[in-house]
Amino acid sequence: NRSPATVSLDDLPLRDDLRGKTPYGAPQLDVPVQLNVNENAHPVPREVTEAIAARLEAELPGLNRYPDREFTELRQKLAAYLSSAAPGVPELRPEQIWAANGSNEVLAHLLQAFGGPGRIALGFGPSYSMHPLIASGTGARFVESPREPGYAITADLAAAAIDRHDPDVVFLCTPNNPTGTLTGLDVIEEVYDRARGIVIVDEAYAEFSRDPSQTALRLLPGRPRLVVSRTMSKAFAFAGARLGYLAADPAVCDALRLVRLPYHLSALTQAAACAALDHAPALLAKVEELKAQRERMATALRELGLTVHSSDSNFLLFGGLDDPQAVWQQLLDRGVLIRNTGIDGHLRVNAGTEPETTAFLNAITEVMTR
Ligand code: PMP
């Protein structure tokens, strides 16, 4: 019987270590209010779409050629953006920048180069669900060490986990997804000193922090095993374009050249991202507004008697729910999609536009006070 419908993964000669794994699966549903995957709720402004369209148009005749493998202009622009991203950040050189199709691919490059079979990647959970998948996808073993109650990582907790597991790669996500928790630079320094492996600080949400100066970019000088990963998917409102990047010692970028596929960043992606970076202030203009909506939601959810974890990101984790999946479904029934990340009694919601946030607050008030 050759009918495709009867074939399951078990019938395929799949890698043993992939058997039983579940893929990344945030539901993509066509509902009016989508507050579930930490996007920026605001569309790309007109002045920026016009600039991008013009740059893309200029690239089109040249699409017969492969793109610049070294994405030279993009690296220059990313270096310039990061160098002025926050007080205390050193001047970063283009050689210190790497980019790929989303920070997921940046992380995949890192794990291909520094993870792999026989190696150990350590993370502090709950954290971003792709860290274990990306690590194990390269054959590395992912170990999750629990955070403190309240989700902080202290220097002592981190040191104990590093001593116990002796990781080749350490993931620190700050502000952390899905909890919103910031990890102090003192803890990151301690982790770096304690570990012998690569320390990846995933700062996908850094621009939403109440204290953007708490960025590990400041720690880069003299720390060649430290990597700071960022993305244009969140604050830059550019998730659909797929552009993530990192800053590290130039030698780290040399290591990533060994594993990336040639020409991994298309000419169109590079052009769109360059045009977007030329208009960074316009794209980033909604960050303060989203932070205001986040705080508005925090206040309203607390008034409903829920536990709200203070967040330095564009989302909130809230708890005190007897049956989070039922609440998730009741919100969906009212046209509002948020996220159940599997933390007991909790759900996660993004700050939306003002009307979206209002729609969510109205819906949850109705669900909680029924
Ligand atoms: N890191 C974290 C912590 C994230 O939450 C996400 C997206 N949800 C990513 C990385 C990946 O984002 P992207 O690939 O769009 O850059």
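Residues numbered from 1 in each chain as written. Predicted model: local features only at pLDDT ≥ 70, side-chain atom pairs only at ≥ 80, totals over all residues.

Enquirer: Before we go on, may I ask you to explain the packing of helix α11 (residues 324–333) against helix α12 (residues 354–368) in this structure?
Expert: In a packed pair of helices, the relevant descriptors are the angle between the two axes and the axis-to-axis distance. At their nearest, the axes of α11 and α12 sit 10 Å apart, and the two run at 125° to each other. Considering their axes alone, α11 and α12 lie oblique with respect to each other. In the packing of α11 onto α12, the handedness of the crossing is right-handed. Side by side, α11 and α12 meet where Val327, Gln330 and Leu331 of the first sit next to Ala363, Ile364 and Val367 of the second. (Axes fitted to C-alpha atoms, helices over the stretch in contact; angles between N-to-C directions. Helix = DSSP H or I, 4+ residues; strand = E, 2+ residues; numbered from the N terminus. Parallel < 35°, antiparallel > 145°, perpendicular 65-115°, else oblique. Left-handed = near helix turned anticlockwise from the far one by under 90°. Contact = placed C-beta atoms within 7 Å.)

Enquirer: What is the right way to read the sheet that holds strand β12 (residues 347–350) from this model?
Expert: Pairing between the strands of a sheet comes from backbone hydrogen bonds, and it takes one of two forms, parallel or antiparallel. Spatially, the three strands line up as an open sheet ordered β9-β10-β12, and their pairing is antiparallel. Two strands bound the open sheet, and with one partner strand each, they are β9 (307–309) and β12. Each adjacent strand pair in this sheet contributes to an overall mean axis angle of 30°, direction not counted. Where β9 and strand β10 (residues 315–319) come together, three bridges link them in antiparallel fashion. Across the sheet, the residue bridging to His309 is Leu317, located in β10. (Pairing = 2+ DSSP bridges.)

Enquirer: What am I meant to see in the site of the ligand here?
Expert: As a matter of local geometry, the ligand sits amid 13 residues, with Gly102, Ser103, Asn104, Thr231 and Ser233 nearest to it. Along the lines of polarity and charge, the residues of the shell around the ligand split into four nonpolar, eight polar and one charged. (Near = placed C-beta within 6 Å. Nonpolar A, V, L, I, M, F, W, Y, C, P; charged D, E, K, R; others polar.)

Enquirer: Can you walk me through the environment of Leu321 in this structure?
Expert: For Leu321, the position within the fold is in the loop between β10 and α11. Aside from chain neighbours lying at most four places away, what touches Leu321 is Val327, Gly345, His346 and Leu347.

Enquirer: What am I meant to see in unusual backbone geometry here?
Expert: Residues other than glycine predominantly adopt negative phi, and peptide bonds predominantly adopt the trans conformation. Residue Gly125 is joined to Pro126 through a cis peptide bond whose omega torsion reads 0°. In this structure, Asn38 takes a positive phi of about 60° despite not being glycine. Turning to its location among the elements, Asn38 is positioned in the loop between β1 (33–34) and α1 (46–59). The exposure class assigned to Asn38 is buried, which follows from the 23 C-beta atoms found within 10 Å. In this structure, Arg242 takes a positive phi of about 65° despite not being glycine. On the secondary structure map, Arg242 appears in the loop between β7 (226–231) and β8 (244–247). (Buried ≥ 20, exposed ≤ 12 C-beta atoms within 10 Å, placed from the backbone.)

Enquirer: Can you help me understand the UniProt feature "modified residue: N6-(pyridoxal phosphate)lysine" (unreviewed entry) in the protein chain in this one?
Expert: The positions UniProt marks with the feature "modified residue: N6-(pyridoxal phosphate)lysine" (unreviewed entry) are Lys234. Relative to the helices and strands, Lys234 resides in the loop between β7 and β8. Dropping the residues within four chain positions of it, Lys234 is found in contact with Asn38, Asn40, Ala204, Tyr205 and Asn314. (UniProt positions renumbered as here; feature names shortened; annotations may be inferred.)

Enquirer: Any chance you could explain the confidence of the model for the protein chain here in plain terms?
Expert: Low-pLDDT portions of the prediction should not be read for the details of their coordinates. When pLDDT is averaged along the protein chain, the result is 96, and 99% of the positions lie at 70 or above. Both confidence scores are given for the complex: pTM 0.97, ipTM 0.99. (pLDDT = per-residue confidence, 0-100.)

Enquirer: What exactly am I supposed to notice about the UniProt feature "domain: Aminotransferase class I/classII large" (unreviewed entry) in the protein chain here?
Expert: When the UniProt feature table is mapped onto this chain, "domain: Aminotransferase class I/classII large" (unreviewed entry) is found at residues 33–364. Helix makes up 39% of residues 33–364 and strand 16%, with an end-to-end C-alpha separation of 13 Å.

Enquirer: Would you take a moment to explain the sheet that holds β8 for this structure?
Expert: Within the open sheet, the seven strands sit side by side as β2-β8-β7-β6-β5-β3-β4. Their pairing is mixed. At either margin of the open sheet sits one strand with a lone partner, and together these are β2 (97–100) and β4 (141–146). Direction aside, neighbouring strands of the sheet carry axes that sit 25° apart on average. Sheet topology places β7 next to β8; four bridges connect them, and they run antiparallel. Bridge pairing in β8 places Arg230 opposite Tyr245. Helix-sheet contacts for helix α2 (residues 72–83) involve β2 and β8, and the interaxial angle to β2 is about 115°.

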